[in-house]
Structure formats: C-alpha cells, structure tokens
Amino acid sequence: MVVSREVNRLSDELADVNTTYDRHTKYIGSEVKTLSDEMNKVKTDVTKVSNNIQDVSSLERKLLIKTLRLVVLQELKAFGTSMYTFHTEKLTWTEAQQKCQEDGFHLAEINNDNELEFVKELVGSHLAWLGGTDVDKEGDWRWVSSGLKVMASLWNTGEPNNYGNQEHCLHTDYGITSDGLNDRNCEDGIAFVCELEP
Ligand SMILES: [Ca+2]
Ligand SMILES: [Ca+2]
Ligand SMILES: [Ca+2]
C-alpha cells in the first residue's frame, strides 16, 4: 500500500512537472515569435532607411551636377551668401517659381539695398519675376520664401498700383522711366531670377 501511494504521489508530481513544462515551453515559444516579429520589423525599417538614403544621395548628386553645370556655363552668380540664376525664358510667376524649385532654388528675395543693386545689375532692363506677392491679402506684399514684408523703398514711384485689380506678383522694372519694382498680373510671361540660400 505504501509503495502504491508513493507511486501515485510521484505520478501526480510528474503530471505537475509536465504541465509546468508545457506552460513554459508555450511561453518561450510565444516570446521567440514576438522577438522574431520585432527583428523582421527592424530589418524592414533598416531597408526603408537605407533606400531613403540612396534616394537622397542620388537627388543630391543630381542637384550637384546641375549646379556644377551652371558654374561651368558661368550661369551661376554669387552675392553675399546666396547664389542666383537669371532666366530669360518667359514664364508666368508660378511656372517661374516651379522652375527655380526644380534646382532647389526659389524666386529671389531682396533683403537689403546691396542685394537689390546686385539683382538690378543681373537683370538689366529685363522685366524679371522676384519672389514677392500679395496674392494672399491684397496690398500685403510678402516674400514667399521667408514670409517677410517687401520693403516699401523697393517700389517704383506710383507702384504697387494693383492695376485693374489684377496685379499680385512682383518683378524688376529698370527702364528709361522706371527704377524699381512693379506689381504685375502673375499670368504674364516674363524673365525671372532664382536664388539659392545656404
Ligand atoms: Ca535674398
Ligand atoms: Ca495686388
Ligand atoms: Ca503695377
């Protein structure tokens, strides 16, 4: 009888050990699965990041080659810390801004009198778009690249006049009778100046 009781007890204990073992095995199995899922996620993230880096470096390479081309062709002018390109191709204000942005530039923003003199020299008597507009709020002239107000001293006498209620874009106007900036219909096609800030 004693032996049989002992056998029963041992057998119960063995059953307990087996249950505990099963529970632990299941737990470890699920932990391993979680870890392996996380590892896979990390691997995917690493692949994504490395693809992004490749995209960025190929984009930078393209921009660098474009910039070098401009330097070689002597089309890139430097003033202060910025670089500029002057385009005689006649585009609307929006098209001109897009063209500048393709090269990482924006339509030029005049921040002081010296920069104005430089741009004046660059464009000569060409009418050329700059990056100012009052399209958001009539009469509130702003540079789109910084959001700063356009200095009142930059305008030609009598401008901006918002002629026909249709003049919301800013351009250079240095002619026989003009010596400053003018507002004009943004849909007109004229030359333009792009600026690249550091
Ligand atoms: Ca500027
Ligand atoms: Ca206007
Ligand atoms: Ca005008």
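Sequence order sets the numbering: in each chain, residues are counted from 1 along the sequence as written. Think of it this way: whatever chain is written first is A, whatever ligand is written first is 1, and the rest follow in order. Note on the predicted model: pLDDT of at least 70 is required for a residue's local features to be given, and 80 or more for side-chain atom pairs to be given and counted; whole-chain, interface and lining totals, by contrast, use all residues.

Q: Break down the overall build of the protein chain for me, with residues and values.
A: For the purposes of this entry, the term helix denotes a DSSP run of H or I that reaches at least four residues, the term strand denotes a run of E that reaches at least two, and both are numbered from the N terminus. Within the protein chain, the regular secondary structure consists of three helices and eight strands. The helix and strand sequence of the protein chain, counted from the amino end, reads α-β-β-α-β-α-β-β-β-β-β. A compact globule built from 198 residues would reach a C-alpha radius of gyration of about 16 Å, whereas the protein chain, at 34 Å, exceeds it by more than 25%. Along the first, second and third principal axes, the C-alpha set of the protein chain runs to 125 × 40 × 25 Å. The burial criterion counts other C-beta atoms lying within 10 Å of a residue's C-beta, which is placed from the backbone; the residue is buried at 20 or more, exposed at 12 or fewer, and partly exposed between these limits. Scored against the burial criterion, the 198 residues of the protein chain give a buried share of 21%. By definition, residues are in contact whenever their C-beta atoms, placed on the basis of the backbone, come within 7 Å of each other. Of the contacts made within the protein chain by residues no fewer than 6 positions apart, 61% connect residues no fewer than 24 positions apart. Two things to know: the radius of gyration comes from C-alpha atoms, and the globule rule equals 2.2 Å times the number of residues to the power 0.38.

Q: Outline the environment of glycine 131, listing residues and values.
A: Relative to the elements of secondary structure, glycine 131 occurs in strand 4 (residues 128-133). The contacts of glycine 131, once residues within four sequence positions are left out, are His106, Leu107, Ala108, Glu109, Trp143, Val144 and Ser145.

Q: Hey, could you go over the nonpolar core for me, with residue numbers and the actual values?
A: Nonpolar side chains in soluble globular proteins tend to be buried together. Only buried Ala, Val, Leu, Ile, Met, Phe, Trp, Tyr and Cys residues enter a nonpolar core, and they are joined through C-beta atoms within 7 Å. In this structure, Leu107, Ala108, Trp129, Leu130, Phe192, Val193 and Cys194 are the most contacted members of the largest nonpolar core, which totals 26 residues. Elements that contribute at least two residues to this core include exactly helix 2 (93-102), helix 3 (113-123), strand 4, strand 6 (169-174) and strand 8 (190-196). A total of five residues in this core trace back to one element, the largest contributor, which is strand 8. With sequence-adjacent residues up to four places away left out, leucine 107 is seen in contact with Ala96, Gln97, Cys100, Trp129, Leu130, Gly131, Phe192, Val193 and Cys194.

Q: Any chance you could break down the pairing of strand 8 for me, citing the residues and the numbers?
A: Most of strand 8 sits inside the fold, with six of its seven residues counted as buried. For two strands to count as paired, DSSP must find a minimum of two bridges between them. The sheet contact formed by strand 2 (residues 82-91) and strand 8 spans six bridges and is antiparallel. Paired with tyrosine 84 across the strands is glutamate 195, a residue of strand 8. Sheet topology places strand 3 (residues 106-107) next to strand 8; two bridges connect them, and they run antiparallel.

Q: Tell me about helix 2, and please be specific about residues and values.
A: By the burial criterion, the buried members of helix 2 are Trp93, Ala96, Gln97 and Cys100. Buried residues along helix 2 cover an arc of 100° about the axis, so they all sit on one side. Exposed residues on helix 2 whose side chains face more than 90 degrees from its buried face are Gln98 and Glu102. In the core, the buried residues of helix 2 are packed alongside strand 2, strand 3, strand 4, strand 6 and strand 8. Downstream of helix 2 by one or two residues, glycine 104 has phi in the positive range, about 80°. Regarding the arc, it is the one traced by the directions from the helix axis to the C-beta atoms.

Q: Tell me about helix 1 (residues 2-72), residues and numbers included.
A: Since the α-helix advances by 3.6 residues per turn, residues separated by three or four positions end up pointing in the same direction. In a regular helix each residue adds 1.5 Å, so 71 residues correspond to 105 Å; helix 1 covers 103 Å between its end C-alpha atoms and thus fits that length. Across the 71 residues that make up helix 1, only a small minority, zero, are buried. Directly beyond the C-terminal end of helix 1, a positive phi value near 55° is found at glutamine 74. To estimate the expected span of a helix, count its residues, drop one, and scale the result by 1.5 Å.

Q: Please give an account of the domain arrangement of the protein chain that cites residues and values.
A: The accessible area lost on association of the parts is a frequent measure of interface size. Boundaries of every domain are those given by an automatic assignment or by a domain database. If you check the domain split of the protein chain, you get domain 1 (1-74) and domain 2 (76-196). The gap between the C-alpha centroids of domain 1 and domain 2 is 55 Å. Domain 1 puts five residues into the contact, and the matching count from domain 2 is four residues.

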